[in-house]
Amino acid sequence: LYYNIPSFNQVPLSACTAGTDGYCCNAGIYNVTFNSINNNSANASAGYEDFTSVSNSVSRGGTYSLSVQTGDQFEEKVFVWIDYNNDGDFFDTGEQVFSDMNLLPNQTHTGNITIPSSAVQNTPLRMRIGSNANWWPDPSPCTNSYYGQFEDYTILVDPWLSASSASGTVAPTDSSQITLNFQS
């Protein structure tokens, strides 16, 4: 039996970049919580942040809560995209999965994301989260934000087989024992 085990060490495709054009007043993303991801970050002063090494597994048809904390000085919009078909962009139908604008003093944007049955399985997929000042146009996943920022994460849909990461090399005539976990 031969099976190529997908790894979170693979970087999800991305055909476009996003960034930050301006920073002021504690704007940007401070925390993202989605399923098993709970990641604090430095806010828009850091510009774009690549957290594709921060990942989690989700299931087709599953609904997962999302929470994004933004700055405390002005109202911000938050948008989330997931490249469900792994074509490197976020412009296909259904790939914008969340949008919200907070009203101060609330700094937290919350909602639910349901994973569609058409999502590519067993392949690292990019999830992009963007924030922007509420008085600027809505951010696009492939532009720069003004008084906000973008962060990328990795999700893996329905991994039916997983293995703990191994180190070292196994020569063709040698063997190595690993633990496999099957999920139905």
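The coordinates are above.
Quick notes on the rules
- Residues numbered from 1 in each chain as written.
- Predicted model: local features only at pLDDT ≥ 70, side-chain atom pairs only at ≥ 80, totals over all residues.
- Heavy atoms only, no water.
- Helix = DSSP H or I, 4+ residues; strand = E, 2+ residues; numbered from the N terminus.
- Buried < 20%, exposed > 50% of the residue type's maximum accessible area, 1.4 Å probe, protein only.
- Contact = heavy atoms within 4.5 Å.

### Points about unusual backbone geometry
Located in the positive-phi region is N122, a residue other than glycine, with phi close to 55°. Among the structural elements, N122 can be located in the loop between β8 (108–114) and β9 (124–133). Taking the relative accessible area as the measure of exposure, N122 reaches 16% and is therefore buried. For Y147, which is not glycine, the phi torsion reads 55° and is therefore positive. Tracing the chain through its elements places Y147 in the loop between β10 (144–146) and β11 (150–157). Of the residues examined, Y147 reaches a relative accessible area of 18% and is grouped as buried.

### Considering the environment of P105
The topology assignment puts P105 in the loop between β7 (96–101) and β8. Along the primary structure P105 and Q73 are separated by 32 residues, whereas in three dimensions their C-alpha atoms are 8.7 Å apart.

### What about the environment of D152?
Assignment of secondary structure puts D152 in strand β11. Given the relative accessible area of 0%, D152 is considered buried. Filtering out sequence-adjacent residues up to four positions away, D152 remains in contact with Y48, E49, D50, F51, T52, R126, M127 and R128.

Structural measurements only, silent on function.
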